[in-house]
Amino acid sequence: MTGQAYAGRPNQLLRNLHSKIASIPMILTAVVIFLGGTLWTVFYSFTNSKLLPRLSFVGLDQYERLWAAPRWLVSIENLAIYGVFSLIFSLLIGFVLAALMDQKIRFENTFRTIFLYPFALSFIVTGLVWQWVLNPEFGVQSVVRSLGWTSFTFDPLYNQSIVIYGILIAALWQGTGLVMCLMLAGLRGIDEDIWKASRVDGIPMWKTYLFIIIPMMRPVFITTLVIIASGIVRVYDLVVAQTSGGPGIASEVPAKYVYDYMFQAQNLGQGFAASTMMLITVAIIIVPWAYLEFGGRKRG
Amino acid sequence: MKLRLLAAALAATVVLPFSAASAADLEVTHWWTSGGEAAAVAELAKAFDATGNHWVDGAIAGSGGTARPIMISRITGGDPMGATQFNHGRQAEELVEAGLMRDLTDVATREHWKDIIKPSSLLDSCTIEGKIYCAPVNIHSWQWLWLSNAAFKQAGVEVPKNWDEFVAAAPALEKAGIIPLAVGGQPWQSAGAFDVLMVAIAGKDVFNKVFGDKDAEVAAGPDIAKVFKAADDARKMSKGSNVQDWNQATNLVITGKAGGQIMGDWAQGEFQVAGQKAGTDYTCLPGLGVNEIISTGGDAFYFPLLKDEEKSKAQEVLASTLLDPKTQVAFNLKKGSLPVRGDVDLATANDCMKKGLDILAKGNVIQGTDQLLSADSQKQKEDLFSEFFANPSMTPEDAQKRFTDIIASAD
């Protein structure tokens with residue numbers, strides 16, 4: 001394999017020259033803006049920059065303050081709850097919907113459109129819609145009460161202990177349609193013959209899904225996972241539209257902490273420290289996985 | 001062919017507004033968007049347009065917390081507006097230090113701002129290293145309790161004359177299905193209410209020691225403990241006011257759904273727009289009726305440094321228009337705030353404004369927390385109090401401990 005690369009081909013660099021030239025802008029963007037911006041942020045998180053960045057180092061002070069701040073701890077806890085549940089439920093609901101859709105039903109296009117439609121809405125609109133739906137005075141609670149159950153209470157957005165689930169509901173409503181479409185594409189990629197073979201062997205349908213189809217759909221699952229996970233970490237606008245972090249600080253999330261401290265509190269150092277922590281969290285999850293997925297295995 | 005036509009048409013729509021307008025257009029950004037505020041800002045625009053220039057309104061909805069980041073990033077990002085509102089104090093401090101703001105000392109000396117602006121602390125807040133960088137337009141004080149007369153009538157109790165009577169009347173209000181105290185969900189509202197309680201209950205000296213000298217010992221002491229007790233009362237009384245914005249909370253008072261609200265005098269503009277009269281429809285108690293002291297924070301206009309000469313000239317015109325006696329009266333009557341000049345005639349002011357003017361004349365004033373604390377400390381305070389007001393399981397003692405930490409690390 002390695003020998004092949006050197007076998008009389010001194011102009012490796014010039015192979016596919018057009019595509020290499022074409023990708024220069026993207027490479028520059030990635031290196032200068034993403035990588036450069038990241039390093040700059042991490043670097044300045046060790047300073048006590050206020051409204052404008054300045055170079056006076058304070059060591060780990062910003063991080064100490066960050067981890068002592070109750071609001072940051074609440075944010076992390078919320079992100080963990082939101083992350084775990086949104087990952088499980090969007091995969092589960094998305095896959096079940098896709099599997100149902102794959103039964104050669106009638107009006108499949110119509111259903112697909114209906115399920116995917118919420119994804120066309122921005123998080124801000126989704127948030128506002130669900131703020132109204134979950135509002136005890138106009139939404140679900142008042143509808144049920146007007147039907148006769150007068151003691152019915154359902155006000156997740158005004159209850160500190162369950163507010164994050166109110167946000168989760170809206171996120172699932174918005175996001176599962178996309179997961180369903182991805183899964184459906186994956187299911188359509190499975191060869192018909194596999195189904196036929198499993199039917200001949202008399203394997204029940206749920207077993208076929210669980211032990212044959214899902215393992216075959218691994219690449220689709222990984223793509224979906226990455227899409228969902230990146231959506232989880234950056235959740236911000238949904239919270240702003242639905243509760244703006246309230247009641248109190250009960251539905252704060254890390255991205256909102258970063259924004260509020262960078263711009264409202266005019267404390268860039270603190271905001272940078274928080275965003276660096278977010279990066280580290282992501283890196284802790286992504287790096288070992290990426291290593292296992294791409295690095296550990298030798299490819300031909 | 002078609003595409004080119006389309007492009008030309010598009011280009012025309014972009015170019016037209018620029019070429020049609022005169023060079024002295026100034027974009028002015030602010031966060032005055034509620035009914036009373038918008039009426040007041042229209043007065044400023046009218047006065048500025050009368051000078052032959054043109055006021056391009058750049059209102060940003062969602063109160064200062066949302067608007068300030070947008071303004072600051074426009075200034076630091078190299079797309080400055082002609083003029084912008086800030087609360088005077090420390091919000092724009094670093095922008096000035098970075099040389100992004102325009103020095104107004106020439107205009108100020110020419111028009112004797114030093115002599116006409118009262119109290120002088122307002123101009124001091126605009127002054128950095130001996131140079132003046134902003135034009136104060138109004139004095140806003142936080143220390144007001146607004147009460148709905150109708151709500152108390154419905155509950156069958158007399159309209160309270162001070163905070164203690166109000167707390168005592170709370171159970172009667174609750175029995176009548178009225179929320180005793182309206183507090184909106186935006187964090188600055190609960191933090192502000194606490195500052196007001198501090199002045200009313202602990203007094204001016206304690207306030208100055210805590211926020212002025214950042215004295216952590218006083219913050220941990222028995223005086224502030226009393227304030228936290230009162231805040232605990234306020235928290236219980238505010239249960240059920242499920243609104244976000246301050247003007248929605250004021251609206252609860254206007255419609256008699258809530259008994260009262262602790263809010264700055266800008267709330268008065270809302271009562272006015274709703275056609276209510278001070279004394280008969282609503283009652284105002286400065287200093288919560290306990291300690292008649294008001295803070296003299298407020299709004300000021302800052303002028304970013306511009307390259308365009310004509311616009312720079314227009315900035316000077318705007319600065320002097322803002323402090324013109326006529327503009328001051330027209331603007332402040334609509335806004336419900338007090339003028340920054342001691343020499344203007346406010347004969348048409350209503351009862352509440354007159355009370356405020358009296359206190360101002362007596363000199364019972366303190367500086368606003370925006371002037372005393374950095375935006376960073378203010379934000380930490382907001383986080384604390386929005387949690388305290390929403391979370392009944394947080395004890396006043398715990399809250400005081402965290403408050404002391406914030407004061408100890410404040411700058």
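Reading the values: rules and limits
- Residues numbered from 1 in each chain as written.
- Chains lettered and ligands numbered in written order.
- Predicted model: local features only at pLDDT ≥ 70, side-chain atom pairs only at ≥ 80, totals over all residues.
- Helix = DSSP H or I, 4+ residues; strand = E, 2+ residues; numbered from the N terminus.
- Rg over C-alpha atoms; globule rule 2.2 N^0.38 Å.
- Buried ≥ 20, exposed ≤ 12 C-beta atoms within 10 Å, placed from the backbone.
- Contact = placed C-beta atoms within 7 Å.
- Axes fitted to C-alpha atoms, helices over the stretch in contact; angles between N-to-C directions.
- Parallel < 35°, antiparallel > 145°, perpendicular 65-115°, else oblique.
- Left-handed = near helix turned anticlockwise from the far one by under 90°.
- Nonpolar A, V, L, I, M, F, W, Y, C, P; charged D, E, K, R; others polar.
- Core = buried A, V, L, I, M, F, W, Y, C linked by C-beta atoms within 7 Å.
- Domains from an automatic or database assignment.
- Pairing = 2+ DSSP bridges.
- pLDDT = per-residue confidence, 0-100.
- Expected span 1.5 Å × (residues − 1).
- Arc of directions from axis to C-beta.
- Right-handed = clockwise from strand over helix to strand, strands pointing away.

Chemist: I tried to follow the overall build of chain A on my own but got confused; where do I start?
Modeler: A tally of helices and strands in chain A yields 15 helices and 0 strands. Relative to the compact-globule value of 19 Å for 300 residues, chain A shows a C-alpha radius of gyration of 24 Å, a clear excess of over 25%. Counting every position in chain A, which comprises 300 residues, the buried fraction comes to 31%. Sequence separation of 24 or more characterises 69% of the internal contacts of chain A that already satisfy a separation of 6 or more.

Chemist: Explain the overall build of chain B here, please?
Modeler: Of the regular secondary structure elements, chain B holds 21 helices and 13 strands. Its C-alpha radius of gyration of 22 Å places chain B within 12% of the 22 Å reference for a compact globule of 411 residues. Considering only C-alpha atoms, chain B reaches an extent of 70 × 50 × 45 Å along its principal axes. Of all 411 residues assigned to chain B, the portion counted as buried reaches 52%. The long-range fraction of contacts in chain B, counting pairs at least 24 apart against all pairs at least 6 apart in sequence, stands at 77%.

Chemist: Looking at this model, I keep getting lost on the packing of helix H7 (residues 123-133) of chain A against helix H9 (residues 163-188) of chain A. Mind explaining?
Modeler: All names here are of chain A. In the contact formed by H7 and H9, the axes pass within 10 Å of each other and the chain directions differ by 130°. The orientation of H7 with respect to H9, classified from their angle, is oblique. Every pair of crossing elements has a handedness; the one defined by H7 and H9 is right-handed. Note on element contacts: H9 touches H7 through Ile169, Ala170 and Gln174, opposite Phe123, Thr126, Gly127 and Trp130. Per-class residue counts for the contact of H7 with H9 are 4 nonpolar, 3 polar and no charged.

Chemist: Would you mind showing me how to read the nonpolar core here?
Modeler: If you look at soluble globular proteins, the nonpolar side chains tend to sit buried side by side. Judged by nonpolar contacts, the single largest core of 168 residues is most densely connected at Leu197 and Tyr302 of chain B. If one sorts the elements of this core by residue count, H9 of chain A sits on top with 12 residues. Not counting chain neighbours up to four residues away, the residues in contact with tyrosine 302 of chain B comprise Ala83, Thr84, Phe86, Ala92, Met101, Tyr133 and Cys134 of chain B.

Chemist: Help me understand the packing of helix H20 (residues 375-390) of chain B against helix H21 (residues 396-408) of chain B in this model?
Modeler: All names here are of chain B. Remark: H20 packs on H21, axes separated minimally by 10 Å, with the N-to-C direction vectors making an angle of 175°. In terms of their interaxial angle, H20 and H21 are classed as roughly antiparallel. Only Ala399, Arg402, Phe403 and Ile406 of H21 make contact with H20, whose side of the interface consists of Ser377, Gln380, Lys381, Leu384 and Phe388. Its residues assigned to classes, the contact of H20 with H21 comprises 5 nonpolar, 2 polar and 2 charged.

Chemist: Would you mind going over the domain arrangement of chain A with me for this structure?
Modeler: Reports often express the size of an interface as the amount of accessible area lost when the parts come together. For chain A, the assigned domains are domain 1 (1-44) and domain 2 (61-295). The C-alpha centroid of domain 2 of chain A is placed 34 Å from the C-alpha centroid of domain 1 of chain A.

Chemist: Got a minute to help me understand the interface of chain B and chain A in this structure?
Modeler: Listed per partner, the contact involves 20 residues of chain B and 20 residues of chain A. Elements that contribute at least two residues to the side of chain B that touches chain A include exactly helix H3 (63-76), helix H4 (93-97) and H20 of chain B. Considering each element in turn, the side of chain B that touches chain A owes the most residues, 8 residues, to H20 of chain B. For the side of chain B that touches chain A, the class distribution of residues is 7 nonpolar, 7 polar and 6 charged.

Chemist: What's the story with the domain arrangement of chain B in this structure? I'm lost.
Modeler: Residue and element names in this part refer to chain B. Splitting chain B by domain gives domain 1 (25-140 + 297-352) and domain 2 (144-295 + 373-408). The distance between the C-alpha centroids of domain 1 and domain 2 comes to 28 Å. Elements that contribute at least two residues to the side of domain 1 that touches domain 2 include exactly helix H2 (35-49), H3, helix H17 (325-335) and helix H18 (351-362). If you tally residues by element for the side of domain 1 that touches domain 2, the top one is H2, at 5 residues. Each residue belonging to the side of domain 1 that touches domain 2 can be placed in one class, and the counts come to 3 nonpolar, 11 polar and 5 charged.

Chemist: What is the right way to read the sheet that holds strand E1 (residues 25-30) of chain B from this model?
Modeler: Two pairing modes exist for strands in a sheet, parallel and antiparallel, and in both the strands are linked by backbone hydrogen bonds. Residue and element names in this part refer to chain B. An order of E2-E1-E3-E12-E6 is seen for the 5 strands of this open sheet, with the pairing classed as mixed. Among the strands making up the open sheet, the edge pair consists of strand E2 (54-59) and strand E6 (134-140). Across the sheet, the axes of successive neighbouring strands diverge by a mean angle of 25°, strand direction being ignored. Where strand E3 (residues 83-87) and strand E12 (residues 297-302) come together, 4 bridges link them in antiparallel fashion. Residue phenylalanine 86 lies in a different strand from E12, and its bridge partner there is alanine 300. With respect to the sheet, H2 is in contact with E1 and E2, its orientation differing from that of E2 by roughly 155°.

Chemist: Would you explain the confidence of the model for chain B in this entry?
Modeler: Detailed reading of the predicted model is not advised wherever pLDDT is low. Residue and element names in this part refer to chain B. Per-residue pLDDT for chain B averages 87, and the proportion of residues at 70 or more is 94%. Predicted confidence for residues 8-22 stays below pLDDT 50, and this span has 2 contacts to residues more than four positions away or in other chains. Taken over the whole predicted complex, pTM reads 0.83, whereas the ipTM for its chain interfaces reads 0.80.

Chemist: In this structure, what is going on with the environment of threonine 208 of chain A? I would like to understand it.
Modeler: Mapping threonine 208 of chain A onto the fold places it in helix H11 (residues 205-216). When near neighbours in sequence (up to four residues on either side) are disregarded, threonine 208 of chain A contacts Ser198, Ile203 and Ile213 of chain A.

Chemist: Honestly, unusual backbone geometry in this entry has me stumped. Any pointers?
Modeler: Glycine aside, negative phi is the norm for most residues, and most peptide bonds take the trans geometry. Residues and elements named next belong to chain A. The residue serine 244 is not glycine, and still its phi comes out positive at about 40°. As for its position among the elements, serine 244 is in the loop between helix H13 (237-242) and helix H14 (254-264). Judged by the 20 C-beta atoms lying within 10 Å of it, serine 244 is buried.

Chemist: Help me understand helix H10 (residues 187-202) of chain B in this model?
Modeler: Every α-helix winds through 3.6 residues per turn, so residues three or four apart in the chain are directed the same way. An ideal rise of 1.5 Å per residue puts 22 Å on 16 residues; H10 of chain B measures up with 22 Å between its terminal C-alpha atoms. Among the 16 residues in H10 of chain B, 15 count as buried, and that is most of the element.

Chemist: Sorry, what's going on with the pairing of strand E9 (residues 258-262) of chain B here?
Modeler: One face of the sheet, then the other: side chains in a regular strand alternate in exactly this way. Residues and elements named next belong to chain B. Taking burial as the measure, the 5 residues of E9 include 5 buried ones, the bulk of the element. Sheet analysis places strand E7 (residues 144-148) next to E9, joined by 3 bridges and oriented antiparallel. Within E9, the residue paired with leucine 145 across the bridge is isoleucine 262.

Chemist: In this structure, what is going on with the sheet that holds E9 of chain B? I would like to understand it.
Modeler: Residues and elements named next belong to chain B. The sheet built from 4 strands is open, its strands ordered E8-E9-E7-E10 with mixed pairing. Each edge of the open sheet carries a strand with a single partner, namely strand E8 (179-181) and strand E10 (282-286). Between one strand axis and the next, the sheet turns by 20° as a mean value, whatever way the strands run. Alignment of E7 against E10, held across 5 bridges, turns out to be antiparallel. Across the sheet, residue serine 148 finds its bridge partner in E10, namely tyrosine 282.

Chemist: Please explain helix H13 (residues 222-237) of chain B as it appears in this structure.
Modeler: All names here are of chain B. An ideal rise of 1.5 Å per residue puts 22 Å on 16 residues; H13 measures up with 23 Å between its terminal C-alpha atoms. Turning to H13, its buried residues number three or more, namely Ile224, Val227, Phe228, Ala230, Ala231, Ala234, Arg235 and Met237. Take H13 and look down its axis: the buried residues cluster within an arc of 165°, on one side only.

Chemist: Please clarify how the pairing of E1 of chain B should be interpreted in this entry.
Modeler: All names here are of chain B. Taken together, the 6 bridges between E1 and E2 define a ladder with parallel strand orientation. Bridge pairing links leucine 26 to tryptophan 55 in E2. Assessed by its sense of winding, the connection that carries the chain from E1 through H2 to E2 is right-handed. Pairing between E1 and E3: 2 bridges, direction parallel. If you follow threonine 29 over to E3, its bridge partner there is threonine 84.

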